[in-house]
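# Architecture at a glance
Spelled out from the first residue to the last, the chains are:
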Amino acid sequence: MEKTVSSITVRVFEDKLSGSQYIADALRSRIHTNDSDSKRTVLGLATGGSPKKVYDLLVESVETGELSFQNVTSFNLDEYYPIGPESRNSYHYYMNQRLFNHTDVDPGQVFIPEGDIEVSEVDHYCKAYERKIAGYGGIEIQLLGIGGNGHIGFNEPGSSIESETRLIHLDEKTRRDAADSFGGIHQTPEKAITMGVKTILNAKKIYCMAWGAHKARPVQQLIEGEITAEWPVTFLQTHANVELIIDRAAASLLTDSSNFIVN
Ligand code: F6R
């Protein structure tokens, strides 16, 4: 079922699989439409646990020949800093393993912030990342997860709605969440390069997804909270074309949840 709160369409699904299927279908169909119009599809992509199933489904479609990434250009939201692309914890590694290695995407059309550039180059690099996105006419569809602390990309609490791609200090909670995979908090990077809130809000369409009870609080804030930099996810309320795709557990704190019909 669906309901529109401010400008956000909320769709509550029975589980992560059916929600992920909805998003994968939407992506497939946009890529097909653009392919028939001989247009490239410019995607903004996320990492982490939330989009894994979506990527699995897209890979299945590529493997059965239903989908091609030949006309896809992609920009990832973020990357730890400093980190090399070969590190198993890097988002480069994640994207290659989960998606790109299993598709026919042109590697020259894949853009992920580089976590191994010199610190003196970072500002220049971030500005160039913004120009690159603009050069492709902007992001058509942005996939987003939500951090437990309400971050989008690595726009941590306190980030401005006007922020662009930049180096950011990671929140303590974000680092603790990542610490296991890095083998402890001390090995976990303190910084990351992230698209800004403004960069994300410039996307024409945003699919934001959240699965599980641990996402119920930021989801509630997104739908029922005031717009505040303390919960960067609430900035999505200012965007005209956001769909929030969640499972029942992530919807559990919504006051109005009786009004939602499960898709
Ligand atoms: C990842 C990203 C982050 C995650 C968020 C949720 O590229 O930008 O904002 O989307 O931390 O992470 P998961 O999906 O692992 O719960």
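In this convention, every chain numbers its residues from 1, walking through the sequence in written order. Totals for whole chains, interfaces and linings use all residues, but because this is a predicted model, local features are given only for residues with pLDDT of at least 70 and pairs of side-chain atoms are given and counted only at 80 or more. Hydrogens and water molecules were not included; the side-chain quantities draw on all heavy atoms of the structure.

### Thoughts on the pattern of salt bridges
Take a side-chain nitrogen of Lys or Arg and a carboxyl oxygen of Asp or Glu: if they are within 4 Å of each other, that pair is a salt bridge. Counted by the stated rule, this structure contains eleven salt bridges. We note a salt bridge from arginine 28 to aspartate 25, for which the minimum N-O separation is 2.1 Å. With a gap of three residues between them, arginine 28 and aspartate 25 both fall in helix 1 (residues 16-36), about one helical turn apart. A salt bridge links aspartate 56 to arginine 98; its shortest N-O distance comes to 4.0 Å. With aspartate 56 in helix 2 (residues 52-63) and arginine 98 in helix 3 (residues 91-98), the pair connects residues that are 42 residues apart, well separated along the chain. Secondary structure counts use DSSP, requiring at least four H or I residues in a row for a helix and at least two E residues in a row for a strand, with both numbered from the N terminus.

### Observations concerning helix 3
Each residue is assigned to one of three classes by its accessible area relative to the maximum for its type, calculated with a 1.4 Å probe on protein chains only: buried under 20%, partly exposed between the two thresholds, exposed over 50%. Among the residues of helix 3, Tyr91, His92, Tyr93, Tyr94 and Met95 are the ones counted as buried. Along its buried surface, helix 3 packs onto strand 3 (41-45), helix 2, strand 4 (72-76) and strand 5 (78-81). Contacts are assigned to residue pairs that have any heavy atoms within 4.5 Å of one another.

### Comments concerning the environment of tyrosine 93
Checked against the element boundaries, tyrosine 93 lands in helix 3. Classification of tyrosine 93 as buried rests on a relative accessible area of 19%. When near neighbours in sequence (up to four residues on either side) are disregarded, tyrosine 93 contacts Pro85, Glu86, Ser87 and Arg88.

### Quick notes on the site of the ligand
Neighbouring the ligand are 13 residues, the closest being Ser50, Asp78, His151, Gly153 and Lys215. Polar contact criterion, stated in full: a pair of N or O atoms within 3.5 Å, where within protein one must be able to donate a hydrogen and the other to accept it, and residues adjacent in sequence count only if both atoms are side-chain atoms. One nitrogen or oxygen atom from the main chain of glycine 49 is found 2.8 Å from an oxygen atom belonging to the ligand. Separating an oxygen atom of the ligand from a backbone N or O atom of glycine 153 is a distance of 2.7 Å. Residue polarity follows a fixed list, in which Ala, Val, Leu, Ile, Met, Phe, Trp, Tyr, Cys and Pro are nonpolar, Asp, Glu, Lys and Arg are charged, and the others, Gly among them, are polar. Residues belonging to the shell around the ligand are distributed by class as follows: three nonpolar, eight polar and two charged. Throughout this document, a residue counts as near a molecule or strand when at least one of its heavy atoms sits within 4 Å of that molecule or strand.

### Points about the pairing of strand 2 (residues 8-13)
The element strand 2 is extensively covered by neighbouring structure, given that six of its six residues are classed as buried. A two-sided burial pattern is seen for strand 2, the buried positions comprising Ile8, Val10 and Val12 on one face and Thr9, Arg11 and Phe13 on the other. Sheet topology note: the strand 2/strand 11 (residues 242-247) ladder contains six bridges and is parallel. Across the sheet, residue phenylalanine 13 finds its bridge partner in strand 11, namely aspartate 247. Strand pairing requires that DSSP identify at least two bridges connecting the strands.

### Re the sheet that holds strand 8 (residues 166-169)
Pairing within the open sheet is antiparallel, and its three strands lie in the order 5-9-8. Of all the strands in the sheet, just strand 5 and strand 8 have a single pairing partner and so form its edges. This sheet shows a mean twist of 30° between the axes of neighbouring strands, independent of strand direction. Inspection of the sheet shows strand 5 paired to strand 9 (residues 191-194) by four bridges, in the antiparallel sense. Residue pairing across strands places tyrosine 81 opposite lysine 191, the latter belonging to strand 9. Here an axis means a line fitted to C-alpha atoms, over the contact stretch when the element is a helix, while the angle between two N-to-C directions is reported on a 0 to 180 degree scale.

### Observations regarding unusual backbone geometry
Glycine aside, the phi torsion of most residues is negative, and most peptide linkages are trans. Here the amide bond leading from tyrosine 81 into proline 82 is cis, since omega sits at -5°, within 30 degrees of zero. On the secondary structure map, proline 82 appears in the loop between strand 5 and helix 3.

### Re the environment of glycine 147
Secondary-structure assignment places glycine 147 in the loop between strand 7 (141-144) and strand 8. We classify glycine 147 as buried; its relative accessible area is 8%.

### With respect to the nonpolar core
By nonpolar core is meant a set of buried Ala, Val, Leu, Ile, Met, Phe, Trp, Tyr and Cys residues that side-chain atoms within 4.5 Å join together. Formed by 40 residues in total, the largest nonpolar core has its most connected members in Leu236, Leu244 and Ile246. Within the residue set of this core, elements represented by two or more residues are strand 2, helix 4 (122-135), helix 6 (197-201), strand 10 (205-210), helix 7 (216-224) and strand 11. By residue number, the principal contributor to this core is helix 4, which donates five residues. Each residue touching isoleucine 246, except ones within four places of it in the same chain, is listed here: Val10, Arg11, Val12, Phe13, Ala210, Trp211, Val219, Ala251 and Leu254. Counting 30 residues, the second-largest nonpolar core is a separate cluster that includes Val54, Leu57, Val110 and Tyr207.

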